[in-house]
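Examining the three-dimensional arrangement
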Amino acid sequence: MATTTASVEKTRPVVRSGRRFMSGDIACAEGALAAGCRFFAGYPITPATEIAEHMARRLPEIGGVYIQMEDEIGSMAAVIGASYAGVKSMTATSGPGFSLMMENIGLALMTETPCVIVNVMRGGPSTGQPTMPGQQDVMQARWGSHGDYEIIALAPSSVQEMFDLTVEAFNLAETYRIPVFVLADEIVGHMWERVNIPEADSIKIVNRKKPTVPPNNKFAPFKPNEDLVPPMAVFGEGYHFHATGLTHDERGYPRTESAEAQTQLVQRLCNKIRKNKEKIVRVENAMLEDAEVAVVAYGIAARAALSAVRKARATGIKAGLLRPVTLWPFPEEQVAQVSRRVKAIVVPEMNCGQIVREVERAAKETPVIFLPKLGEEPHKPDEILDAVGGIQ
Amino acid sequence: MTEEIPHPYEKFLRKDRIPHIWCEGCGNGIILNCFARALDELNIDLNNVVVVSGIGCIGRVSGYTNTDSFHTTHGRPIAFATGVKLANPELKVVVISGDGDLFAIGGNHFIHAARRNQDITVICANNFIYGMTGGQYGPTTPLNTWTTTTPYGNIEQAFNLVHLATACGAVYVARWTTLHTRWLTESIKKALQKEGFSFIEVISQCPEIFGRYNKMETAIKMMQWFKEASEVQHFSDPAKAEITPHRITVGEFIDIEKPSYGRLLKEMQARVAEKK
Amino acid sequence: MPVKTWRRPLDADKVKPPKGEVHLLKDRCKGCGFCIQFCPKEVLEESNEINARGVHPPRVRDENRCALCGFCSAVCPDFAIFTTEKNCQGGC
């Protein structure tokens with residue numbers, strides 16, 4: 001690969017470790033670099049522009065490539081191309097760009113391309129409020145492209161998580177050969193907080209599994225291992241493989257006429273995530289063990305929710321927080337378990353009701369109270385506290 | 001007249017995918033043939049060739065070449081190819097796609113890749129129609145043509161692709177018909193070896209659909225039109241090379257030197273690394 | 001299309017044109033007719049047999065005429081025909 005200048009990396013680490021102070025967008029970019037990302041294709045869009053700007057400055061320093069494509073559609077296509085040429089690649093956008101990328105996100109899913117897509121969510125729909133936060137794209141991340149598939153999406157709620165979860169996103173992408181979404185929001189993206197960046201050799205990095213047959217032998221590029229993920233050959237290694245967005249068989253050739261091929265492929269793409277769900281899903285709990293009221297919140301809303309839960313405990317209310325770190329696959333079992341123990345679940349979201357639907361589905365008979373918030377201000381802890389306190 | 005010797009270009013084809021799906025007399029087969037011949041005459045290491053195609057009949061070509069290949073979403077092979085080439089500049093990246101894929105839905109990616117002078121070769125199979133979906137008009141369909149979505153005759157002007165490519169900054173621009181097999185092969189060879197963005201427009205016959213709609217029902221009739229109408233003129237003004245029923249100007253139009261995106265990127269990376 | 005020259009080339013005695021041998025992969029042929037139509041020496045014609053695709057592949061009418069121009073190979077969309085040079089040591 002021509003894009004890593006090994007001599008530069010030997011003399012200094014790519015990402016300076018230690019206690020640093022930065023914004024969420026920059027932490028995300030640094031996390032990507034720490035994970036081994038060496039290709040960024042994107043288009044400026046508020047509030048994700050800083051990620052592009054930071055990558056434009058940092059990637060040439062380490063022999064990586066930043067290209068500002070003519071639009072988000074081209075950006076996503078270039079990301080897939082770079083990944084298929086063997087380089088870890090990413091893009092960053094917000095709502096309007098996310099919509100444009102959807103078709104090619106489908107291509108990445110269908111061709112099992114490891115890559116990371118960051119959506120720093122803002123007020124929508126359409127052009128909406130570019131400089132204001134929102135959590136309105138979480139369902140779109142799951143269902144936005146046509147066809148049937150499963151995805152992985154992570155929701156950072158701090159600048160530290162912008163770093164850590166971006167690294168995790170790359171690792172998940174490489175493990176499952178899938179585009180992974182980092183669903184941040186404008187506040188988490190633009191706020192400045194302290195970040196502890198670990199030493200490079202203590203950061204866990206995962207790389208895509210490679211084929212075991214040598215090149216120039218018969219090789220089926222989409223034949224899965226036991227974990228349902230095929231080892232990945234890349235261009236230039238001598239495997240002469242073909243990949244297409246058409247329904248294909250294990251050889252990679254189009255099988256547009258076969259119901260069996262469609263069934264096998266689409267079900268495997270779904271099962272790849274479903275069967276490995278336990279290894280992928282992550283939640284963070286606070287004071288949940290003996291809770292009588294639970295709050296389920298993610299992203300920026302979780303910051304206020306944690307504060308509310310602490311305040312509630314101080315007044316004697318047994319409240320607890322379940323914070324999904326992976327929004328998709330949704331932590332249904334975890335929510336279901338909690339729902340059996342609590343009187344009600346409060347869900348604050350910066351939208352008109354998206355993840356709350358998943359909570360209701362998992363919680364079954366347990367009452368769910370939804371707290372919407374739109375516009376520039378995230379939920380105030382007292383707003384959540386009132387809802388928690390109001391539960392009998 | 002024996003059949004024991006295999007075809008000399010077998011090694012460029014995926015044997016398990018031949019015969020290809022294209023109709024009898026389809027120009028796509030000739031383009032594949034000329035491409036294989038170009039690879040053969042250049043003796044290129046096939047391990048380094050990546051063929052990228054979009055959606056359309058010609059889009060299936062990537063499934064037939066015995067190279068690493070990728071079949072993208074409609075209109076996006078050039079953007080995909082950009083990512084490939086930048087990630088691994090050692091690869092020879094060739095985009096082979098159709099007039100609609102490259103210039104309707106994909107138009108934006110074409111003009112910017114040409115502007116940036118990306119190191120890729122783009123071969124456009126221009127058959128004046130959207131064949132795969134049954135014969136709708138496209139940006140190169142001539143005025144007044146009957147197609148399924150211009151049942152009263154096309155009222156749109158057609159692109160002059162060599163003019164467009166030149167205006168966008170391509171460093172090598174050529175147009176040939178599928179009848180000009182030798183010239184086309186030489187142009188492909190030149191384009192593959194040239195630094196920067198190379199564009200070859202191939203006037204290709206779609207006898208089954210375009211031909212049938214336009215009184216050229218057989219492949220031979222379409223080839224005869226190419227023979228009668230084409231005129232080889234090297235380095236003529238691309239702006240004056242629009243295609244009419246009576247004249248198809250073929251030849252090389254542009255062959256200039258300009259630093260490619262890849263070269264400038266490498267220089268920039270070296271400068272930046274030195275400063276640090 | 002047969003090629004007709006308006007006079008005999010002045011060095012016709014000195015230059016020996018190569019002789020070609022035509023190879024057909026009959027079952028690949030889709031019957032487009034390009035090789036037959038465009039051979040400058042009228043070496044080929046449509047045969048009466050029917051191949052696996054249900055069309056009439058070409059047949060060699062007179063192989064002695066073949067001058068190894070290779071146009072049939074180049075213009076065939078289906079890789080169904082190619083020419084090799086005939087070994088003329090013992091005379092052709």
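Residues numbered from 1 in each chain as written. Chains lettered and ligands numbered in written order. Predicted model: local features only at pLDDT ≥ 70, side-chain atom pairs only at ≥ 80, totals over all residues.

1. Let's talk about the overall build of chain B
The helix and strand tally for chain B stands at nine helices and eight strands. Taken along the three principal axes of its C-alpha coordinates, chain B extends 65 × 50 × 35 Å. If you take every contact in chain B between residues at least 6 apart in sequence, the share linking residues at least 24 apart comes to 64%. (Helix = DSSP H or I, 4+ residues; strand = E, 2+ residues; numbered from the N terminus. Contact = placed C-beta atoms within 7 Å.)

2. Examining the interface of chain A and chain B
Facing the 43 residues of chain A at the interface are 37 residues of chain B. Considering only residue class, the side of chain A that touches chain B consists of 26 nonpolar, 13 polar and four charged. The pairing of strand E10 (residues 242-244) of chain A with strand E2 (residues 68-71) of chain B spans three bridges and is classified as parallel. Residue pairing for E2 of chain B: alanine 243 of chain A is matched across the bridge by phenylalanine 70 of chain B. (Nonpolar A, V, L, I, M, F, W, Y, C, P; charged D, E, K, R; others polar. Pairing = 2+ DSSP bridges.)

3. Description of helix H9 (residues 259-274) of chain A
Residue and element names in this part refer to chain A. Here H9 is 16 residues long and its end C-alpha atoms lie 22 Å apart, about the 22 Å a rise of 1.5 Å per residue gives. In H9, a bend of some 25° at arginine 268 exceeds every other bend along the element. If you check which residues of H9 are buried, you get Leu269, Lys272 and Ile273. Along its buried surface, H9 packs onto helix H5 (95-110), strand E7 (152-154), helix H7 (159-176) and helix H10 (277-280). (Expected span 1.5 Å × (residues − 1). Bend = angle between axes of the 7 residues up to and from the residue. Buried ≥ 20, exposed ≤ 12 C-beta atoms within 10 Å, placed from the backbone.)

4. Describing the interface of chain C and chain B
At the junction of the two partners, chain C supplies 20 residues and chain B supplies 23 residues. Among the secondary structure elements, those contributing two or more residues to the side of chain C that touches chain B are strand E1 (20-24), helix H1 (34-38), helix H2 (71-75) and strand E4 (81-85) of chain C. It is E1 of chain C that contributes the most residues to the side of chain C that touches chain B, three residues altogether. For the side of chain C that touches chain B, the class distribution of residues is 12 nonpolar, five polar and three charged.

5. Describing the packing of helix H4 (residues 72-84) of chain A against helix H2 (residues 77-87) of chain B
Running from N to C, H4 of chain A and H2 of chain B point in directions that differ by 40°, and their axes come no closer than 6 Å. Taken as axis vectors, H4 of chain A and H2 of chain B run oblique relative to one another. The chirality of how H4 of chain A crosses H2 of chain B is right-handed. Contacts from Gly74, Ala77, Ala78, Val79, Ile80, Gly81, Ala82 and Tyr84 of chain A of H4 of chain A reach H2 of chain B at Ala79, Phe80, Ala81, Thr82, Gly83, Val84, Leu86 and Ala87 of chain B. A breakdown of the residues in the contact of H4 of chain A with H2 of chain B according to their chemical character gives 12 nonpolar, four polar and no charged. (Axes fitted to C-alpha atoms, helices over the stretch in contact; angles between N-to-C directions. Parallel < 35°, antiparallel > 145°, perpendicular 65-115°, else oblique. Left-handed = near helix turned anticlockwise from the far one by under 90°.)

6. So, the nonpolar core
General note: in soluble globular proteins, nonpolar side chains tend to be found buried as a group. Among the nonpolar cores identified, the biggest contains 232 residues, and Val116, Val118, Leu183, Val295 and Ala305 of chain A together with Val84 of chain B are the most heavily contacted of them. When residues in this core are grouped by element, the largest group, 10 residues, is from H7 of chain A. Here this core spans two domains, and each of domain 1 (6-202) and domain 2 (283-389) of chain A adds at least three residues to it. With near-sequence residues (within four places) excluded, alanine 305 of chain A lies in contact with Val295, Ala297, Leu321, Pro348 and Ile384 of chain A. (Core = buried A, V, L, I, M, F, W, Y, C linked by C-beta atoms within 7 Å. Domains from an automatic or database assignment.)

7. Thoughts on the packing of helix H1 (residues 27-42) of chain B against helix H6 (residues 181-193) of chain B
Axes are the key here: two packed helices are described by the angle between their axes and the distance separating the axes. Residue and element names in this part refer to chain B. The contact between H1 and H6 brings their axes to 9 Å, and the two run at 55°. Here H1 is positioned oblique relative to H6, judged by the angle of their axes. For the crossing formed where H1 meets H6, the hand is right-handed. For the pair H1 and H6, the contacting residues are Ile30, Cys34, Phe35, Arg37, Ala38, Glu41 and Leu42 in the first and Thr181, Leu184, Thr185, Ile188, Lys189 and Leu192 in the second.

8. Some thoughts on helix H8 (residues 219-229) of chain B
Of the residues making up H8 of chain B, those classed as buried are Ala219, Ile220, Met222, Met223 and Trp225 of chain B. Elements that come into contact with the buried residues of H8 of chain B comprise helix H7 (207-213) of chain B together with H1 of chain C.

9. Quick word on the sheet that holds strand E11 (residues 283-286) of chain A
Residues and elements named next belong to chain A. A sheet is described by the order of its strands in space; here five strands give the open sequence E11-E13-E12-E15-E16, paired in mixed fashion. Sheet topology places E11 and strand E16 (368-372) at the edges, where each strand pairs with a single neighbour. Ignoring strand direction, the axes of neighbouring strands in this sheet form an average angle of 20°. Pairing of strand E12 (residues 293-296) with strand E15 (residues 344-349) involves three bridges; the strand directions are parallel. When the bridges of E15 are listed, valine 295 appears paired with valine 346. Sitting on the sheet, helix H11 (residues 300-314) is in contact with E11, E12, strand E13 (319-324) and E15, with an inclination near 165° to E13. Docked against the sheet, helix H13 (residues 355-363) engages E12, E15 and E16, running at close to 165° with respect to E15.

10. Observations regarding the environment of valine 281 of chain A
Mapped onto the secondary structure, valine 281 of chain A falls in the loop between H10 and E11. The contact partners of valine 281 of chain A, leaving out residues within four places of it in the chain, are Thr326, Pro329 and Pro331 of chain A.

11. Considerations on the pairing of E1 of chain C
All names here are of chain C. For E1, a buried count of four out of five residues is recorded, marking the element as mostly surrounded by other parts of the structure. As paired strands, E1 and E4 are joined by five bridges and run antiparallel to one another. Looking at the pairing, valine 22 lines up with threonine 83 of E4.

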